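Chain by chain, the residues:
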Amino acid sequence: FLAGRGITADFVPVGAYAETGRELGTPREIAVAFLGSAKHGRRAALLNELERALQQRGLVFQRIESGCYGEERTALLNRTRILVNLHNYPWSPAWIRFLMAATCGTLVVSEPTEDDRPFVAGKHYVAATLEEMPDIIFRLSHDPEHCARITTAASALCRTELTLLNSVQSLCRGVFASKLSPGKA
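Keep in mind it's a predicted model, so treat the numbers as computed, not measured. (Residues numbered from 1 in each chain as written. Predicted model: local features only at pLDDT ≥ 70, side-chain atom pairs only at ≥ 80, totals over all residues. Heavy atoms only, no water.)

Remarks on empty space enclosed by the protein
This structure, assessed with the given rule, holds one cavity of 30 Å³ or more. Volume-wise, the largest cavity comes out at about 40 Å³. Together, Pro13, Val14, Trp95, Ile96, Leu99, Pro118, Phe119 and Leu162 line the largest cavity. A per-class count over the lining of the largest cavity returns eight nonpolar, no polar and no charged. (1 Å grid on protein atoms, 1.4 Å probe; cavity = no way out; pocket = protein on both sides within 12 Å on 5 of 7 lines; lining within 4 Å. Points joined across faces, edges and corners; volume = space filled by probe spheres on them. Nonpolar A, V, L, I, M, F, W, Y, C, P; charged D, E, K, R; others polar.)

So, the side chain of Arg97
Turning to its location among the elements, Arg97 is positioned in helix α3 (residues 95-103). Summary of buried charges: Arg97 has no salt-bridge partner, and the nearest side chain of opposite charge, Glu111, is 8.9 Å away. The residues touching Arg97, leaving out its near neighbours within four places in the chain, are Leu35, Gly36, Arg43, Leu83 and Asn85. (Helix = DSSP H or I, 4+ residues; strand = E, 2+ residues; numbered from the N terminus. Buried < 20%, exposed > 50% of the residue type's maximum accessible area, 1.4 Å probe, protein only. Lys, Arg positive; Asp, Glu negative; His and termini not counted. Salt bridge = Lys/Arg side-chain N within 4 Å of Asp/Glu carboxyl O. Contact = heavy atoms within 4.5 Å.)

Let's talk about helix α4 (residues 133-141)
If you check which residues of α4 are buried, you get Met133, Pro134, Ile136, Ile137 and Leu140. Projected down its long axis, α4 carries its buried residues within an arc of 165 degrees, all on one side. Taken together, the buried residues of α4 touch β1 (30-35), α1 (42-56), β3 (80-85), β4 (107-110), β5 (126-127) and α5 (144-160). (Arc of directions from axis to C-beta.)

Quick word on the packing of aromatic side chains
Inspection of every chain in the model, using the stated rule, returns two aromatic pairs. Relative to Phe119, the ring of Phe98 has its centre 5.5 Å away and its plane inclined at 50 degrees; by these criteria the two rings are tilted. Taken together, the positions of Phe98 in helix α3 and Phe119 in the loop between β4 and β5 put the pair 21 residues apart, joining distant regions of the chain. An angle of 80 degrees between the planes, with centres 5.0 Å apart, marks the rings of Phe98 and Tyr125 as edge-to-face. One end of the pair, Phe98, is in helix α3; the other, Tyr125, is in the loop between β4 and β5, with 27 residues separating them in the sequence. Taken together, the ring pairs in this structure connect Phe98, Phe119 and Tyr125 into an aromatic cluster. (Phe/Tyr/Trp six-rings, centres within 6.5 Å; stacked < 30°, edge-to-face > 60°.)

Some points on the side chain of Asn78
In this fold, Asn78 is placed in helix α2 (residues 70-79). Look at Asn78 and you get buried, because its relative accessible area is 1%. Within the local environment of Asn78, its side chain forms a polar contact with the backbone oxygen of Arg22, the two atoms lying 2.8 Å apart. What Asn78 contacts, discounting residues up to four positions off in sequence, is Arg22, Glu23, Leu24, Gly25, Thr26, Pro27, Arg28, Cys104 and Thr106. (Polar contact = N/O pair within 3.5 Å; in protein donor to acceptor, adjacent residues only side chain to side chain.)

A look at the environment of Arg42
Here Arg42 shows up in helix α1. Between the C-alpha atom of Arg42 and that of His87, which follows or precedes it by 45 residues, the distance is 8.7 Å. The contact partners of Arg42, leaving out residues within four places of it in the chain, are His87, Asn88 and Glu111.

A look at the confidence of the model for the protein chain
Taken as a whole, the protein chain shows an average pLDDT of 87; of its residues, 91% reach a score of 70 or greater. For the protein chain, helix α6 (residues 164-180) is the element with the lowest average pLDDT, namely 74, and α4 is the one with the highest, namely 98. (pLDDT = per-residue confidence, 0-100.)

Concerning the state of the cysteines
Taken as a whole, this structure holds zero disulfides when the rule is applied. Distance from the sulfur of Cys158, which forms no disulfide, to the nearest cysteine sulfur (Cys104) is 9.9 Å. For Cys158, a relative accessible area of 3% corresponds to the buried category. (Disulfide = S-S within 2.5 Å.)

A look at the nonpolar core
Core analysis: the largest hydrophobic core is formed by 24 residues, its most contacted members being Val32, Val109, Met133 and Ile137. Contributing elements (two or more residues each) for this core: β1, α1, β3, β4, α4 and α5. Here Val32 is in contact with Leu54, Leu59, Val60, Phe61, Gln62, Ile82, Val84 and Ile137, once residues within four sequence places are set aside. If you look at the next biggest cluster of nonpolar residues, it comprises 23 residues, including Ile64, Phe119, Ala154 and Leu157. (Core = buried A, V, L, I, M, F, W, Y, C linked by side-chain atoms within 4.5 Å.)

Structure below.
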């Protein structure tokens, strides 16, 4: 977003930490869920369309739009097989949702984004347009092995590379590098 507007900026993703979530080993009885605010605007209309399309395919779609934090959120994500991500703004993919889902072993199906770093579509999550989502989610709901490959890769990314410690160290390197480089603000 910033680079597209001619602003030089380094990207440091939020890293996973204990409160982000963890796998509890509970049964995943929620087929598909959405977690986030969608009371009005773009996401509200899209979620209504998606919910209808999933119901036509026999899938129950659970929407959690408020009041789900901490341990309650961790428990919910551990009961969920697929978490849908719809962007509030195209330039803001809400990576924290990806991070929380990955640490809980939940598969994310998201609208495509221009820059998905550090996650990679097809490896750590599934990218799909709204039109594609119902069919892709239906296929994924019947392919646990494919889902497991993606959730395992996403979880491993969060445990190894995408940790809070690595994020803080990267941020510190950037701050100290700018302080040591003449002519940088």
